[in-house]
Amino acid sequence: MDLQGDSARLDSLRATTSRNMSSSSSAFFSANQSPFFSPRSSQLSESTRSDAQCDGINLSAYPSHSSSGIQVSECLPNVGFSDFQKFDHVSSTTPVPNGSRSSYFHMGGNGYSGPTEKHQKHMRRHDLSFSPVPISLSYNRRRSYDVYVGLHGRKPSLLRFANWFRAELEVQGISCFVSDRAQFRYSRKHELIERAMDVSSFGVVILTRKSLRNPYTIEELRFFSSKKNLVPIYFDLKSDDCLVRDIVEKRGELWEKHGGELWVLYGGLEKEWKEAVTGLFRVDEWKLEAQDGNWRDCILRAVTVLAMKLGRRSVLERLTKWRDKVDKEEFPFPRNENFIGRKKELSELEFILFGDITGESERDYFELKARSKRKNLTVGWNKSGPVEERRREQHRESVSRKGKDPVIWKESENEIEMQSAERQHYQRPKGGGRNLRRKRATKIVYGKGVACVTGDSGIGKTELLLEFAYRFHQRYKMVLWIGGESRYIRQNYLNLWSFLEVDVGVENFIDKSRINSFEEQEEAAISRVRKELMRNIPFLVVIDNLESEKDWWDHKLVMDLLPRFGGETHILISTCLPRVMNLEPLKLSYLSEVEAMSLMQGSIKDYPIAEIEVLRIIEEKVGRLTLALAIVGAILSELPINPSRLLDTINRMPSRDILWSSREAHLLRENTFLLQLFEVCFSIFDHSDGPSSLATRMVLVSGWFAPAAIPVSLLALAAHKVPDKHKGTRFWRKLLRSLTCGFSSSYSKRSEAEASSMLLRFNIARTTTKEGCLHFNELIKVYTRKRVVTGVAQAVVQAVVSHGSLSLHSEHMWAACFLLFGFSHNPKVVELKVQELLHLVKQVILPLAIWTFITFSRCSAALELLRVCTDALEAADQAFLTPVEKWLDKSLCWGPIQTNAQLNPYLWEELAVSRANVLETRAKLMLRGGQFDIGDDLIRKAIFIRTSICGENHPDTISARETLSKVTRLLANVQTHPAS
């Protein structure tokens, strides 16, 4: 587009207040001459304009959309214009070197001289012909910087790396100035950059294979080397590669294309060029090499070294603490060393998220069938041209979009949408939504940082996402793994606060001028996490097993949780849903026959042809599910049995009569052979450890725990509480004894560790990165819930209530609450005795509700938990007031007893006091959301109960009356000043 509106946009950019991201925010520069601002860039929306100001520089790694919302083309990044304003007043306080304005530096004391006149003229001839942009003076003075960062090039990966490095410095409170000086034409801007170099404590120069032919990079190397504060970062390059003789003589594969007498290319002096390159080897302590697989380590090491040199001890301590936490908690599962196949899917995910392919994936040929309006459009590449093919595709899209409105991401309080005149993207409904038509799904969008993988349960979606996360985790500051189950997804999302170092508690959202509603407090907590994910620091957010597009609690869209698409943070989703957020997902297919055979054969690779055919039959019968294939392979590896006998055993295993009704059981309902395979595993466990073995019972109780890692101790405790009723027949025990000859001798009675080890060996469970925890696939958990066994759910609730920890097992405490209270229209699964209910309220309900409300600002969930708990206590109280049976009256010699309360008065009083405690807690929490009328009613009920049971002068009664006085006073203020 034309430059007609650029000045107006930049003026509005200067006028907006930028946020303070750190104690010493970074300063950067921008203009149309900047390599980071395209003269054909699209318009800024209101929200993205503020983002650009907040983040300063923005070295976008995406060719068509920057993380700050500025539309760029042809892989041009952008930088915030405010840096020239911030630095402009420095000219009045910083000495300017003598000589012409175009001579850059002319330092006398350090042995450094500026470039020659020939050098200057050559650079001018190669300047980009952009229109000038006025630079206004700013009141914001910047006298010095901690770090100057120089780079050269427009490669997306380089810009993404530099953007991340700048943002990480800024977050840690290290001020920096970033520049690609080769893209500037006017000497005025070069003077400002030179001053920034002069007043910077350290000079970081990011070197690529093309940097050594850039005169400005050579100048920066010589200048900072002479000041002995040079910090080189070798990007896709090694320090040992930068040898003067090898470069000049074009030795080696690297310099054969990029080497030679590079100073001739820009009209420089050979002596100065060699001096700059040789100076790199004098920097012995700075060996920072950024290769494709170590970006994170390189950036964190660079920040650590700079912080150490700058004397920022607090930064070192914070980074050390953060690294320790990440090493232990970043991934939910260890990497699967036996991961098989999925090479095409991994490459396609990389292309969808990053927009390009690097490393080994670039050498693999594969085809991507782009979902577009053009039928039979195929995008394919091999060794020679992935980038060229992508550019041609982008050119075709730009031609087809000529004259249309630009695609821009808008973000406001009421909407998050991707607007386009040609394609309909996701838009949040603004009404009830009943009459809204479901919009057609878009094609897969490449390079926008969001990907969705769909497929049946057990097909390997989690394994694919896990392998991708491990393979590319160095491209992100951290992998943030979130369980996508609808009841837990919001809590899982807010749990990220500890990694992002933000506080989402209600105490941080207190407004002295007004009381925020519960919804506003919850939105504020979500926004804090979301805001951190929208910085220029890249994170990989993995949402595994997304059950629904809407949250279970308030039916709000999951989209509300996610950061803006197209930013540095990438979103990777796995789901069984056909579509998510109107984005066409990547459909995960089955493994190839070769890969399936390899998975089933396990450690035994020499089966005869007949047995291989049997394995093919088993593969078809289990629905070609990866989970089932892994279980079959484990059985064949662990037991002395061949595929034929295993197939015969599975076919002869009786299937249970199960009433299938839930939608998640669709796959199991149609695959009885898979259920028989599960039963074979249970029978193997029982045979090795006797009827109702600990391993079998651990699997049965796993289905009632939350979809999170389950501690083995808690799992075993629940398993021990399951009634021991084995119904296996002598025939099946005899059959399995013949199959597992010699197996029972090595597997006697199992302890917890031995039972969990058996589950892992047979691939029924998988280990997690949390020490002493197991995880079970959702298919297995669904089957165990449908395989009705008396007392299993009750055992889980009892184990959680007796040994659950709020800080360690909060998800499983919520699972116990769902079993007890049902919530909404869901039926109750477990009924507790009054004594158990009272213990539950004291040990679980009250602490869990308060912790959820205060720590995570989940007001609605906490209040709903207390409400259903109140209903349960009132129901128990009504049962106490129900008259007892007549035969009991006749059996008691001391006279008739009318009610259970009279029969057990102490228990009834304890029940009443517990109800009063819950009511008072609800009333106090209501005050935090301005619900004074409801709080008044609740606290009066609590006072009535306590007065009746404890008396008026009891401390608890007096405390409740003080709460009532506060509620009355606040309620009176609201009635007096309704407008406020």
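All of these numbers come straight from a predicted model, not from anything done at the bench. Positions within a chain are numbered from 1, following the residues in the order the chain's sequence is written. Given that the model is predicted, a residue must reach a pLDDT of at least 70 before its local features are reported, and side-chain atom pairs must reach 80 or more before they are shown or counted; all residues, however, enter totals for whole chains, interfaces and linings. Here the side-chain values reflect all heavy atoms present in the structure, with hydrogen atoms and water set aside.

### Structural notes on the overall build of the protein chain
- Only DSSP runs of H or I covering at least 4 residues are called helices, and only runs of E covering at least 2 are called strands; the numbering of each starts at the N terminus. What the protein chain contains, in helices and strands, is 39 helices and 19 strands.
- Any residue under 20% of the maximum accessible area for its type is buried, any over 50% is exposed, and the rest in between are partly exposed; the area is computed with a 1.4 Å probe on protein chains only. Residues counted as buried form 56% of the 980 residues belonging to the protein chain.
- What makes two residues a contact is simply this: any of their non-hydrogen atoms within 4.5 Å. Long-range pairs, those at least 24 residues apart, make up 75% of the contacts in the protein chain with a sequence separation of at least 6.
- Using a 1.4 Å probe, accessible areas were evaluated by the Shrake-Rupley method; residue-level cover was limited to the displayed protein chains. Of the roughly 43600 Å² of accessible surface on the protein chain, 50% is carried by carbon and sulfur atoms.

### With respect to the nonpolar core
- What is meant by a nonpolar core is a set of buried Ala, Val, Leu, Ile, Met, Phe, Trp, Tyr and Cys residues, joined one to another through side-chain atoms within 4.5 Å. By size, the foremost hydrophobic cluster in this structure holds 153 residues, and its most contacted members are Phe 468, Ile 635, Leu 759, Ile 764, Phe 821 and Ile 845.
- Sequence-distant contacts of Ile 764, defined by excluding residues within four places in its chain, comprise Ile 631, Cys 681, Phe 685, Val 699, Leu 759, Phe 776 and Ile 780.
- Within the second largest apolar cluster, 101 residues are counted, among which are Ile 218, Tyr 266, Val 326 and Leu 546.

### A short note on the sheet that holds strand β16 (residues 586-587)
- DSSP-based pairing: two strands are paired if at least 2 bridges between them are found. Taken together, the five strands give an open sheet; going across it, the order is β13-β14-β15-β12-β16, and neighbouring strands pair in parallel fashion. If you trace the sheet from one side to the other, it starts and ends with β13 (478-483) and β16, each paired once.
- Interaxial angles span 0 to 180 degrees and are taken between N-to-C directions of axes, which are lines fitted to C-alpha atoms, for helices over the stretch in contact. In this fold helix α13 (residues 343-354) packs onto β12 (450-454), β14 (539-546), β15 (570-575) and β16, with an angle of close to 150 degrees to the strand it touches most, β12.
- Docked against the sheet, helix α15 (residues 461-472) engages β12, β13, β14 and β15, running at close to 160 degrees with respect to β15.

### Describing helix α7 (residues 215-226)
- A helix is expected to span 1.5 Å multiplied by its residue count minus one. The end-to-end C-alpha separation of α7 is 16 Å, in line with the 16 Å expected for 12 residues at 1.5 Å each.
- For α7, a buried count of 11 out of 12 residues is recorded, marking the element as mostly surrounded by other parts of the structure.
- Taken together, the buried positions of α7 are occupied by Pro 215, Tyr 216, Thr 217, Ile 218, Glu 219, Glu 220, Leu 221, Arg 222, Phe 223, Phe 224 and Ser 225.
- Note on α7: the residue one or two positions beyond its end, Lys 228, has a positive phi of about 60 degrees.

### Some points on the packing of aromatic side chains
- Stacked, edge-to-face and tilted labels apply to pairs of Phe, Tyr and Trp rings (six-membered ring for Trp) whose centres lie within 6.5 Å, assigned for plane angles under 30 degrees, over 60, and everything in between, in that order. Going through the model one piece at a time under the given rule, you end up with 27 aromatic pairs.
- Ring centres of Phe 354 and Phe 472 lie 6.2 Å apart, and the angle between their planes is 45 degrees; on these two criteria the pair is classed as tilted. With Phe 354 in helix α13 and Phe 472 in helix α15, this residue pair connects regions lying 118 residues apart in the sequence.
- Measuring from ring centre to ring centre gives 6.4 Å for Phe 682 and Tyr 783, while their planes differ by 10 degrees; the resulting arrangement is stacked.

### Remarks on the pairing of strand β4 (residues 176-179)
- Side chains Cys 176 and Val 178 of β4 all project onto a buried face; the interleaved residues Phe 177 and Ser 179 project onto the opposite face, where all are buried too.
- Handedness of the crossover is the feature at issue here: the chain leaves strand β3 (residues 145-150), passes through helix α5 (residues 156-171), returns alongside β4, and the resulting connection is right-handed. Look down the strands so they point away from you; if going from the first strand over the helix to the second traces a clockwise path, that crossover is right-handed.

### A short note on unusual backbone geometry
- Within the chain, Asn 545 stands out as a residue other than glycine whose phi angle is a positive 60 degrees.
- Along the polypeptide, Asn 545 turns up in strand β14.
- Residue Asn 545 is classed as buried on the basis of its relative accessible area, which comes to 19%.
- Although it is not a glycine, Arg 624 adopts a positive phi angle of roughly 60 degrees.
- Among the structural elements, Arg 624 can be located in the loop between α20 (609-621) and α21 (626-638).

### Let's talk about the pairing of β3
- Counting buried positions along β3 yields six of six residues, so the element is predominantly enclosed.
- Relative to strand β5 (residues 200-207), β3 runs parallel, the two sharing five bridges. Bridge pairing in β5 places Val 147 opposite Phe 202.
- Pairing geometry for β3 and β4, over four bridges, is parallel. Note on β4: the bridge partner recorded for Gly 150 is Ser 179.

### Some thoughts on the pattern of salt bridges
- The term salt bridge refers to a side-chain nitrogen of Lys or Arg lying within 4 Å of a carboxyl oxygen of Asp or Glu. What the rule picks out here adds up to 39 salt bridges.
- With a closest N to O distance of 2.9 Å, Arg 490 and Asp 554 form a salt bridge. Here Asp 554 lies in the loop between β14 and β15 and Arg 490 lies in helix α16 (residues 489-494), a separation of 64 residues in the sequence.
- Take Arg 490: its relative accessible area is 10%, and that puts it in the buried class.
- The structure contains a network of salt bridges with shared partners spanning Arg 181, Glu 219 and Glu 220.

### Let's talk about the environment of Asp 877
- Structurally, Asp 877 is set in helix α34 (residues 859-880).
- Looking at Asp 877, its side chain comes within polar contact range of the side chain of Trp 908, at 2.9 Å. Here a polar contact means two N or O atoms within 3.5 Å. Within protein one must be a hydrogen donor candidate and the other an acceptor candidate, and residues neighboring in sequence count only if both atoms are side-chain atoms.

### A few points about the side chain of Ser 810
- As for its placement among the helices and strands, Ser 810 is situated in helix α32 (residues 810-821).
- Apart from residues lying up to four places away in sequence, Ser 810 is in contact with Ser 805, Leu 848 and Trp 851.

### Some thoughts on the sheet that holds strand β19 (residues 773-776)
- Here three strands make up an open sheet; going across it, the order is β17-β19-β18 and the pairing antiparallel. The open sheet is flanked by β17 (710-711) and β18 (765-767), the only strands paired with a single partner.
- Relative to β19, β18 runs antiparallel, the two being bridged by three bridges. Paired with Thr 767 across the bridge in β19 is Leu 774.

### Quick word on the packing of helix α33 (residues 834-856) against helix α37 (residues 905-927)
- Direction vectors running N to C along α33 and α37 enclose 10 degrees, while the axes themselves pass 10 Å from each other. Our classification of the angle between α33 and α37 gives roughly parallel. Residues Val 834, Gln 835, Leu 838, Val 841, Leu 846, Ile 850 and Phe 853 of α33 touch α37, and the partners they reach there are Leu 907, Glu 910, Leu 911, Ser 914, Asn 917, Val 918, Thr 921 and Leu 925.
- Per-class residue counts for the contact of α33 with α37 are 10 nonpolar, four polar and one charged. The scheme is simple: roughly parallel for angles under 35 degrees, roughly antiparallel for over 145, roughly perpendicular for 65 to 115, oblique for anything else. Any residue outside Ala, Val, Leu, Ile, Met, Phe, Trp, Tyr, Cys, Pro, Asp, Glu, Lys and Arg is labelled polar, Gly included; the first ten of those are nonpolar and the last four are charged.

### Some remarks on the environment of Leu 562
- Residue position: Leu 562 is located in the loop between β14 and β15.
- What makes Leu 562 buried here is its relative accessible area of 2%.
- Placed 33 residues apart in sequence, Leu 562 and Val 529 show a C-alpha to C-alpha distance of 9.3 Å.
- Residues in contact with Leu 562, not counting those within four places in the same chain, are Arg 530, Ile 543, Ile 571 and Met 581.

### Looking at the confidence of the model for the protein chain
- Here the protein chain averages 75 in pLDDT, and 70% of its residues register 70 or above.
- Confidence scores per residue from the predictor, reported as pLDDT, run from 0 to 100. Segment residues 362-392 is flagged for pLDDT under 50; beyond a separation of four residues in sequence, or across chains, it makes 49 contacts in the model.
- Throughout residues 886-893 the model reports pLDDT below 50, and contacts reaching past four residues in sequence, or to other chains, amount to five contacts.

### Details of the packing of α20 against helix α22 (residues 643-652)
- At their nearest, the axes of α20 and α22 sit 8 Å apart, and the two run at 35 degrees to each other. The chirality of how α20 crosses α22 is left-handed. Where α20 approaches α22, its residues Glu 611, Val 614, Leu 615, Ile 617, Ile 618 and Lys 621 are matched on the opposing element by Pro 643, Ser 644, Leu 647 and Asn 651.
- For the contact of α20 with α22, the residue count by class is six nonpolar, two polar and two charged. Should the near helix be turned anticlockwise from the far one by less than a right angle, the crossing is termed left-handed; should it be turned clockwise, right-handed.

### Thoughts on the environment of Lys 448
- Within the secondary structure, Lys 448 sits in the loop between β11 (416-419) and β12.
- Exposure remark for Lys 448: the relative accessible area of 10% places this residue in the buried category.
- Sequence separation between Lys 448 and Ile 352 is 96 residues, and the spatial gap between their C-alpha atoms is 7.1 Å.

### Things to note about helix α10 (residues 270-279)
- Within α10, burial applies to Glu 272, Trp 273, Ala 276, Val 277 and Gly 279. What you see down the axis of α10 is that its buried residues fit within an arc of 165 degrees, all on one side.
- Looking at the buried positions of α10, the neighbouring elements they touch are α7 and α8 (244-248). Regarding the arc, it is the one traced by the directions from the helix axis to the C-beta atoms.

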